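# Inside the fold
Take a look at the letters that make up each chain.
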Amino acid sequence: MNGMLRRNVLVSIISAALCQVVVAQDVYTPVLEMVLENSSMLRAYGAVRDASVAESRTGLAPDNPEVEAGYLFGNELTGDRRDISIRQNFEFPTVYVQKGRLADTRLETAGYQYRLQRQELLLEAKRLCIELIYNNARLNICSRKLDASAQINDSYRRMAAQGEVNAIELNKAASAYASAKLEYANGEAERQRIIAELKRLCGGKDVTFDADSFPEIKLPADFDGWWAGIRQSHPLIQYMQSTTMESEQEVKLALSSWIPKFSVGYMGEFVPGEPFQGITAGITLPLWENKGKVRAARAAEQAAKASLEDAVTSLENSFRALYSHCVAITQGLSVYDEATQGDDSAELLRKALEQGEISLLTYVQEYDYLYGVLMQRLQAQRELAIAYAELTAVSL
């Protein structure tokens, strides 16, 4: 097969694959909305968040009041004695202020953690949708290959019945057809597996997703400007910043724990003829209980700050690599599409076989080559869509 024929057939097959209208950017929205509405995993994340919120509001009130009562038996001269004591312990007001601020920060942390978990869940669902688009498009290509193989197989069976081809050529046609059937069956099995995964994320609800072309992708013109715009709104950074603020509040709370605690109360001692009663006051000096707390809190604060710095740097480098990867694939696809524009008939290869210009073996080899080229382009589109989904996951 000469180079011109190969190029013409390549152009025609690729043109047929590209004739589908590009779907809208929100092609993923219906599935993602189903995940948000029905995901049991997301409900579990929400329950954990609510539990963390409830836990963060505990321990903010003063200690429980203490009540003691006693009855002491005396003799005939002194009589019995009855005692009663009521006491309330208080921490210095600064401690309650710091506890309240720490609780507020923990509320924010729980919210950011939930948002991060939600984003990861939606990104997983979006990846599955991308895989499903790829698989649907692949099945379309496999279907055309299967139809072409079926036509050739039927044609060679009729020719064999008339003695026009030998058994070897007939077996080649049958093998090509069987291979195409197997490839299509494998693609359909993979499609069902992906749908089952999506169904799991949707809480067992049936999912319908028939898109077979990728949404148009428009990359930001400048990475640094884009990164500056989304950096502070990324849930991972917000979560790490909140945990750092938590550690700072823990240091302040540890420092305030060295302030003495106070207690006030009422005490009464009642004996026949000589009752005693009045108010009491006390102070607790934190000489040993809080030893090492400030040092531990400051070490945790430094660790949290280091983790935040590492998270920001790692995320930026990861996104920069994803952006560069998207740019490279986009440029490659653009050059590829420009080189394969044309309106030649997709029947060139089959007609060349029917007219005896090429052998069946050459036909199978050339068709597999063209099929491989088309699959390479489809795989590049899938890779671009996944990279872009990870790059823009902050919008989920």
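See above for the structure.
Report follows, based on the coordinates.

## Comments concerning the environment of Leu384
As for its placement among the helices and strands, Leu384 is situated in helix α10 (residues 360-391). In sequence terms Leu384 and Val95 are 289 residues apart; their C-alpha atoms lie 53 Å from each other. When residues no more than four places from it in sequence are discounted, the contact partners of Leu384 are Ile217, Cys326, Ile329, Thr330 and Leu333.

## A few points about a nonpolar patch on the surface
A cluster of nonpolar side chains, contributed by Phe90, Phe92, Phe262, Val264, Ile283, Leu285, Leu287 and Trp288, occupies part of the molecular surface with about 830 Å² of accessible area. As for its placement among the helices and strands, Trp288 is situated in the loop between β4 (276-284) and α8 (293-339). Using a relative accessible area of 69% as the deciding quantity, one classes Trp288 as exposed.

## Overview of the sheet that holds strand β2 (residues 81-90)
The strand order across the open sheet built from 4 strands is β1-β2-β3-β4, with neighbouring strands paired in antiparallel fashion. One side of each edge strand has no neighbouring strand; the edge strands of this open sheet are β1 (66-72) and β4. Taking each pair of neighbouring strands and ignoring which way they run, the sheet shows an average axis angle of 15°. Relative to strand β3 (residues 261-270), β2 is paired through 9 bridges, and the arrangement is antiparallel. Pairing of Ile84 across the sheet is with Gly268, part of β3.

Thresholds, definitions, all that
Residues numbered from 1 in each chain as written. Predicted model: local features only at pLDDT ≥ 70, side-chain atom pairs only at ≥ 80, totals over all residues. Heavy atoms only, no water. Helix = DSSP H or I, 4+ residues; strand = E, 2+ residues; numbered from the N terminus. Contact = heavy atoms within 4.5 Å. Patch = residues over 30% accessible without salt bridge, like charges linked within 9 Å, V, L, I, M, F, W, Y side chains within 5 Å. Areas by Shrake-Rupley, 256 points an atom, 1.4 Å probe, with all protein chains shown as cover. Salt bridge = Lys/Arg side-chain N within 4 Å of Asp/Glu carboxyl O. Buried < 20%, exposed > 50% of the residue type's maximum accessible area, 1.4 Å probe, protein only. Pairing = 2+ DSSP bridges. Axes fitted to C-alpha atoms, helices over the stretch in contact; angles between N-to-C directions.

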